[in-house]
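Examination of the molecular architecture
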Amino acid sequence: MRFRLRIRDAVARPLRVNRDESGTLVEILRTDWPDIYDANTRAFAQTYYSVTPAGLARDEDEWHVHRHQEDRFIVAAGSIVLALWDGRPESPTRGTLDLLPLGEIAGDDAQHCVLIPRLVQHGFMVTGDKPAVLLNSPTQLYNPADEGRDAFADVGAVFDDGRPFSWQAVRDGATN
């Protein structure tokens, strides 16, 4: 399964899951993947992981956004829905919402590393009944001054049918 991302500059790179009797191996970032890595514009700066409890949204009512950093999200365990909202004034995809199921819910043939462009609002919610482990390999070292939080109500993100975005709507089955 390949995602059809509608937001300009966002990339969902398919990952290959290798399983055998000794376990599982998945390459998550390589310098020869030009769609998500470029030494000049999309360099590697750090990697971290977070563990989020089942059912929880990382911020129930606001988006994360970066002015300079681009994120690269991979789900190592559990399942999430990643939401991307393009509110960039000059973007041809301004006003677009993408919802991406990532992690175990997608199965071995549909694992992805998602590149989140600068200035694209994003957030995620854990689905299923167990915690999710999210890895991020951003293009810059974490700088709290670069990270913004925008309330859903202030941004005006909407589903394709015009309803306002909320994690509760996603929990209730809303899709795009």
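Everything discussed here concerns the structure shown above.
Before going into details, it helps to say that this report is about the structure given with it. On a predicted model such as this, the values are computed, not experimentally measured, just so you know.

This next bit is on the overall build of the protein chain. Looking only at helices and strands, one finds 2 helices and 12 strands in the protein chain. If you list the helices and strands of the protein chain from N to C, you get β-β-β-β-β-β-β-β-β-β-β-β-α-α. Burial analysis of the protein chain (176 residues in total) assigns 45% to the buried set. Contacts spanning at least 24 positions in sequence make up 77% of the contacts within the protein chain whose residues lie at least 6 apart. Approximately 9,200 Å² of the protein chain is accessible, and the part contributed by carbon and sulfur atoms is 50%. Taken as two groups, the 19 positive and 27 negative side-chain charges of the protein chain have centres that lie 3 Å from each other.

Another point: the sheet that holds strand β1 (residues 11-15). The strand order across the open sheet built from 5 strands is β1-β9-β6-β11-β4, with neighbouring strands paired in antiparallel fashion. Two strands lie at the open edges of the sheet, namely β1 and β4 (48-52), each paired on one side alone. Each adjacent strand pair in this sheet contributes to an overall mean axis angle of 25 degrees, direction not counted. Here β4 pairs with strand β11 (residues 132-136) via 5 bridges, running antiparallel. Each residue of the ladder has a partner; that of Tyr-49, found in β11, is Leu-135.

By the definition in use, this model includes 16 salt bridges. Its salt-bridge partner being Arg-6, residue Asp-160 comes within 3.0 Å of it at the nearest N-O pair. One end of the pair, Asp-160, is in the loop between α1 (152-155) and α2 (167-171); the other, Arg-6, is in the segment before β1, with 154 residues separating them in the sequence. Its salt-bridge partner being Arg-149, residue Glu-147 comes within 3.7 Å of it at the nearest N-O pair. Relative accessible area serves as the criterion here: at 40%, Arg-149 is assigned to the partly exposed category. Several salt bridges converge on common partners, so that one network encompasses Asp-59, Glu-62, Glu-147 and Arg-149.

Looking at the element boundaries, Phe-44 is found in the loop between β3 (23-26) and β4. Through-space distance from the C-alpha of Phe-44 to that of Arg-30 is 9.6 Å; in sequence the pair is 14 residues apart. Each residue touching Phe-44, except ones within four places of it in the same chain, is listed here: Leu-29, Tyr-37, Arg-72, Ser-137 and Pro-138.

Here we take up the pairing of β1. The buried fraction of β1 is high, at 4 of 5 residues. By the bridge criterion, 5 bridges tie β1 to strand β9 (residues 111-116) in an arrangement that is antiparallel. Along β9, the bridge assignment pairs Pro-14 with His-112.

What follows is about the packing of aromatic side chains. Across all of its chains, the model carries 6 aromatic pairs by this definition. On the basis of an interplanar angle of 40 degrees and a centroid distance of 5.6 Å, the ring pair of Phe-159 and Phe-165 is categorised as tilted. Phe-165 sits in the buried class, given a relative accessible area of 5%. A connected cluster of aromatic rings, assembled from ring pairs, spans Trp-63, Phe-152, Phe-159, Phe-165 and Trp-167. Here the basic side chain of Arg-163 rests over the ring of Phe-159, its NZ or CZ set 5.1 Å away from the ring centre.

Conventions adopted
- Residues numbered from 1 in each chain as written.
- Predicted model: local features only at pLDDT ≥ 70, side-chain atom pairs only at ≥ 80, totals over all residues.
- Heavy atoms only, no water.
- Helix = DSSP H or I, 4+ residues; strand = E, 2+ residues; numbered from the N terminus.
- Buried < 20%, exposed > 50% of the residue type's maximum accessible area, 1.4 Å probe, protein only.
- Contact = heavy atoms within 4.5 Å.
- Areas by Shrake-Rupley, 256 points an atom, 1.4 Å probe, with all protein chains shown as cover.
- Lys, Arg positive; Asp, Glu negative; His and termini not counted.
- Charge placed at Lys NZ, Arg CZ, Asp CG, Glu CD.
- Pairing = 2+ DSSP bridges.
- Axes fitted to C-alpha atoms, helices over the stretch in contact; angles between N-to-C directions.
- Salt bridge = Lys/Arg side-chain N within 4 Å of Asp/Glu carboxyl O.
- Phe/Tyr/Trp six-rings, centres within 6.5 Å; stacked < 30°, edge-to-face > 60°.
- Lys NZ or Arg CZ within 6 Å of the ring centre and 35° of its normal.

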